[in-house]
Amino acid sequence: QVQLVESGGGLVQLGGSVRLSCAASGFSLRTYGMSWYRQAPGKERELVASISNLGYTRKYSDSVKGRFTISRDNAKNTVYLQMNSLKPEDTAVYCCNVRISYNDYWGQGTQVTVSS
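Within each chain, residues carry numbers counting from 1 in the order of the written sequence. Per-residue local features are limited, in this predicted model, to residues with pLDDT of at least 70; the limit for side-chain atom pairs, both in listing and counting, is 80 or more; totals at the level of whole chains, interfaces and linings are taken over all residues. The basis for the side-chain values is all heavy atoms of the structure; hydrogens and waters are excluded.

K.L.:
Would you mind showing me how to read the side chain of Thr-110 here?
P.N.:
Helix and strand definitions follow DSSP, with helices as H or I runs of at least four residues and strands as E runs of at least two, each counted in order from the N terminus. Its place among the elements puts Thr-110 in strand E11 (residues 110–115). N or O atoms within 3.5 Å of each other form a polar contact, as long as, within protein, one can give a hydrogen and the other can take it, and as long as residues adjacent in sequence are counted only when both atoms are side-chain atoms. At a separation of 3.1 Å, a polar atom in the side chain of Thr-110 contacts the main-chain amide nitrogen of Gly-9. By definition in these notes, contact holds between two residues if any of their heavy atoms fall within 4.5 Å. Ignoring any residue separated from it by four or fewer positions in sequence, one finds Thr-110 in contact with Glu-6, Ser-7, Gly-8, Gly-9, Leu-20, Ala-92, Val-93 and Tyr-94.

Right, dumping it as structure tokens:
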């Protein structure tokens, strides 16, 4: 079955960096675009970044553009989110997502907390 497992979150200082990983299994990663979402307490889930199946197209929300980079290694079945220049408002649970045949699959998420 489809499985997405995020890792790499934690407590980060203001202005710091962290790299999140999303390990995928149960489907052919190279066939599908992937996305990272985040949800902060009391806020709606927000699409942060997306990447096409072979990585040629990447899109970012305005709130992270220039600071975050999404990438993928299809040989390792892993998608990454490099997060730089972190701000307190980046504090959230970050989840990766894949849509397969109109079904959305999510990982359990990883918490990123930016301390000021």
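The rest of the description comes next.
K.L.:
Sorry if this is basic, but what is going on with unusual backbone geometry here?
P.N.:
Backbone geometry follows two general trends: most residues other than glycine have a negative phi, and most peptide bonds adopt the trans configuration. Positive phi is not limited to glycine here, since Asn-77 has a value of about 55°. When you line up the elements, Asn-77 lands in the loop between strand E7 (68–73) and strand E8 (78–83).

K.L.:
How do you make sense of the pattern of salt bridges when you look at a structure like this?
P.N.:
A pair can form between side chains of opposite charge whenever their charged atoms are brought close. We define a salt bridge as a contact between a side-chain nitrogen of Lys or Arg and a carboxyl oxygen of Asp or Glu at a distance within 4 Å. According to the stated counting rule, one finds 5 salt bridges in the structure shown. Here Lys-65 makes a salt bridge to Asp-62, at a shortest N to O gap of 3.2 Å. The same class applies to Lys-65 and to Asp-62, which are both exposed. Several salt bridges share partner residues, and in doing so they unite Arg-38, Glu-46, Arg-67 and Asp-90 into one network. Categorising residues by exposure relies on relative accessible area from a 1.4 Å probe, with only protein chains included: less than 20% of the type maximum marks a residue as buried, more than 50% marks it as exposed, and the intermediate range marks it as partly exposed.

K.L.:
Hey, could you run me through the nonpolar core in this one?
P.N.:
Generally speaking, a soluble globular protein has its nonpolar side chains buried in company with each other. In this text, buried Ala, Val, Leu, Ile, Met, Phe, Trp, Tyr and Cys residues form a nonpolar core when linked through side-chain atoms within 4.5 Å. Counting residues in hydrophobic clusters, the biggest one holds 28 residues, and the most contacted among them are Met-34, Trp-36, Leu-81, Met-83 and Tyr-94. Where this core is concerned, the elements lending two or more residues are strand E3 (18–25), strand E4 (34–39), strand E5 (46–51), E7, E8, strand E9 (92–100) and E11. When residues of this core are assigned to their parent elements, the largest contribution, 5 residues, is made by E9. Excluding its chain neighbours within four sequence positions, the residues that come into contact with Met-83 are Gly-16, Ser-17, Val-18, Leu-20, Arg-67, Phe-68, Tyr-94 and Val-112.

K.L.:
Help me understand the pairing of E11 in this model?
P.N.:
What you see with E11 is a clean split: Thr-110, Val-112 and Val-114 sit on the buried side and Gln-111, Thr-113 and Ser-115 on the side with no burial. In this analysis, strands are considered paired if DSSP registers two or more bridges between them. Pairing of strand E2 (residues 10–13) with E11, which is carried by 4 bridges, proceeds in the parallel orientation. Opposite Leu-11, over in E11, you have Thr-113 as the bridge partner. Of the strand pairs in this sheet, E9 and E11 are connected by 3 bridges, and their pairing is antiparallel. The partner of Tyr-94 across the bridge, within E11, is Thr-110.

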